[in-house]
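# What the coordinates show
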Amino acid sequence: MGVTEAATGPTTGTVIGVELAGRGYDVHVGRGLLDDAGTLASSFIRKNRVPAVADRNSHAAHGHRLEAALAAKDLGVDWFITEPGEGAKSWSVLENLVDWLLERGVERGDHIFALGGGVVGDLTGFAASVLKRGCGFVQIPTTLLAQVDSSVGGKTAINTASGKNLVGAFHQPSLVLADTATLDTLPDREMGAGYAEVIKYGILGNAKFFRWCEEHGAKVTAREPEALQYAVTQSVKAKARIVAEDERETSGTRALLNLGHTFGHALEAETGFSDTLLHGEAVALGMVLAARYSARRDYITIDDATCVTSAIDSAGLRSEIASLGLDCSGEKLAAHMLHDKKMDAGTLPFILLRGIGEAFVDRQVEMADIAAFLSEQLQVH
Ligand code: GLY
């Protein structure tokens, strides 16, 4: 079904193939992989210096490991280092990065390495997509969210004054190295936010994995190696399967990955896309809302919606929007949704549930009903 999996080994980790004709690649998931990057990525290195992008934090935490791994193969690293945060996904940083790559003579057959979270991956991938009409890149994601979601699937973008991720390209990486040891230094809050995207795969398409998350989620966020390895591997397998089926989000399959994102987007917009609510935290709340709204429409039982709420809650994530203390109405939240980039010919597709593990796209949702529902949810404690 579009995904292959090879054996687990000490140096390669679990290898999941993203099967895309002519653009397929491997995602390696394992502890300590970064130390073997010189071997694992050797077929993507043609020159004795490798261009790499990181932010100040990912460079400080993990840069030395990439340098040592490449030095073992007599290779050096040239770093382009950004400030941490969404500000790096801007026209100006993109311009600086592209100029820097051109000054270094990076060619179409070369690969740029992205060491960091989703921001670094999105920026690097977009620069790679436009440099000389498209060069290669290797993703080395260092956050849980990037390992289970943004590093796989080729969505790259920057933000503009009109909104987030509005300028970008589908440009697949050539290799993804997800070293779960890089999560050892990840702040707990970001670990929780990334976990929302893990449990999302269960809620949208795999009830068995959802039940596993209910039982073992705390071990994942506590970084217990076996549970973390299983959770990241299952997530990447799910994402790889969906991307192989619907690379450019045209058939509706990939849109299912937006579960929780439309409600979540409204909350992120209302909180100014700030640290008040991290993206994964907004997605977690959004999944609770999507489940409750599905129950309101009689697509699922209230018990199923309660299971989703409890699973989010027991992962230490917020599950009630009232707890955000927002001073706004349901109408205002619904209005934010109309700026969502998923708007399509005047309608907003919602990802709802027919059961746990059975998400679907509903294009017939009345925004007035969403506003009324959100007004009620703003009162729930
Ligand atoms: N993060 C959603 C997607 O890759 O389609």
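In case you missed it, the structure is sitting above this.
Report follows, based on the coordinates. (Residues numbered from 1 in each chain as written. Predicted model: local features only at pLDDT ≥ 70, side-chain atom pairs only at ≥ 80, totals over all residues. Heavy atoms only, no water.)

### Structural notes on the overall build of the chain
- From N to C terminus, the chain includes 13 helices and 12 strands.
- Within the chain, contacts between residues separated by at least 24 positions form 73% of all contacts whose residues are at least 6 apart in sequence.
- Looking at the chain as shown, the accessible area adds up to about 15,400 Å², and 49% of this sits on carbon and sulfur atoms.
- Placing the 35 positive and 49 negative side-chain charges of the chain at their respective mean positions leaves the two points 4 Å apart. (Helix = DSSP H or I, 4+ residues; strand = E, 2+ residues; numbered from the N terminus. Contact = heavy atoms within 4.5 Å. Areas by Shrake-Rupley, 256 points an atom, 1.4 Å probe, with all protein chains shown as cover. Lys, Arg positive; Asp, Glu negative; His and termini not counted. Charge placed at Lys NZ, Arg CZ, Asp CG, Glu CD.)

### Let's talk about the layout of surface pockets
- Volume-wise, the second largest pocket comes out at about 290 Å³.
- Considering the residues around the second largest pocket, the lining is formed by 14 residues, among which L204, G205, A238, R241 and I242 are closest to the centre.
- Those elements giving two or more residues to the lining of the second largest pocket turn out to be α6 (188-205) and α8 (225-245).
- Looking at the lining of the second largest pocket residue by residue, the class counts come to 7 nonpolar, 4 polar and 3 charged. (1 Å grid on protein atoms, 1.4 Å probe; cavity = no way out; pocket = protein on both sides within 12 Å on 5 of 7 lines; lining within 4 Å. Points joined across faces, edges and corners; volume = space filled by probe spheres on them. Nonpolar A, V, L, I, M, F, W, Y, C, P; charged D, E, K, R; others polar.)

### A closer look at the pairing of strand β6 (residues 111-116)
- Of all 6 residues in β6, 6 are buried; the element is thus mostly enclosed.
- Burial along β6 is two-sided: the residues H111, F113 and L115 and I112, A114 and G116 are all buried.
- Sheet analysis places strand β4 (residues 49-55) next to β6, joined by 3 bridges and oriented parallel. Bridging across to β6, A52 finds its partner in F113.
- Pairing between β6 and strand β7 (residues 136-141): 6 bridges, direction parallel. Paired with L115 across the two strands is I140, which belongs to β7.
- Considered for its hand, the β-α-β crossover made up of β6, helix α4 (residues 118-130) and β7 is right-handed. (Buried < 20%, exposed > 50% of the residue type's maximum accessible area, 1.4 Å probe, protein only. Pairing = 2+ DSSP bridges. Right-handed = clockwise from strand over helix to strand, strands pointing away.)

### Quick word on the site of the ligand
- Taken together, D149, K155, K239, E249, R254 and L257 make up all the residues around the ligand.
- At 3.0 Å from a nitrogen atom of the ligand is found a side-chain nitrogen or oxygen belonging to D149.
- The separation between an oxygen atom of the ligand and a polar side-chain atom of R254 is 2.7 Å.
- Taking 200 Å² as the accessible area of the ligand by itself, protein coverage stands at 88%.
- Counted by class, the shell around the ligand contains 1 nonpolar, no polar and 5 charged residues. (Near = heavy atom within 4 Å. Polar contact = N/O pair within 3.5 Å; in protein donor to acceptor, adjacent residues only side chain to side chain.)

### Considerations on the nonpolar core
- Ranked by size, the top nonpolar core spans 82 residues in total, and within it L144 and F263 carry the most contacts.
- Here this core takes 11 residues from helix α10 (residues 279-296), the largest share from any one element.
- Among residues more than four places away in sequence, those in contact with L144 are L183, L186, M191, G194, Y195, V198, L228 and V232. (Core = buried A, V, L, I, M, F, W, Y, C linked by side-chain atoms within 4.5 Å.)

### Quick word on the environment of V29
- Here V29 lies in strand β3 (residues 25-30).
- Ignoring anything within four residues of it in the chain, the contact list for V29 reads G13, T14, I16, A178, T180, Q229, V232, T233 and V236.

### Some points on unusual backbone geometry
- Positive phi outside glycine occurs at K132, with the angle close to 50 degrees.
- When you line up the elements, K132 lands in the loop between α4 and β7.
- Overall, K132 belongs to the partly exposed group, its relative accessible area being 37%.
- Its identity is not glycine, yet F273 carries a phi of approximately 45 degrees, on the positive side.
- Position of F273 relative to the elements: it lies in the loop between α9 (261-270) and α10.

### Remarks on empty space enclosed by the protein
- Scanning the model with the defined rule gives 1 cavity of 30 Å³ or more in all.
- Empty space within the largest cavity amounts to approximately 30 Å³.
- Put simply, the parts of the chain that give the lining of the largest cavity at least two residues each are α9 and β11 (350-355).
- Split by residue class, the lining of the largest cavity holds 5 nonpolar, 4 polar and no charged.

### A look at the packing of α6 against helix α7 (residues 207-221)
- Remark: α6 packs on α7, axes separated minimally by 7 Å, with the N-to-C direction vectors making an angle of 165 degrees. For the element pair α6 / α7, the angle class is roughly antiparallel. Taken as a pair, α6 and α7 cross one another with a handedness that is right-handed. Across from M191, G192, Y195, V198, I199, Y201, G202, I203 and G205 in α6, the residues of α7 making contact are A207, F209, F210, C213, G217, V220 and T221.
- Of the residues assigned to the contact of α6 with α7, the class counts are 11 nonpolar, 5 polar and no charged. (Axes fitted to C-alpha atoms, helices over the stretch in contact; angles between N-to-C directions. Parallel < 35°, antiparallel > 145°, perpendicular 65-115°, else oblique. Left-handed = near helix turned anticlockwise from the far one by under 90°.)

Remember, this is a structural readout, not a statement about activity or role.
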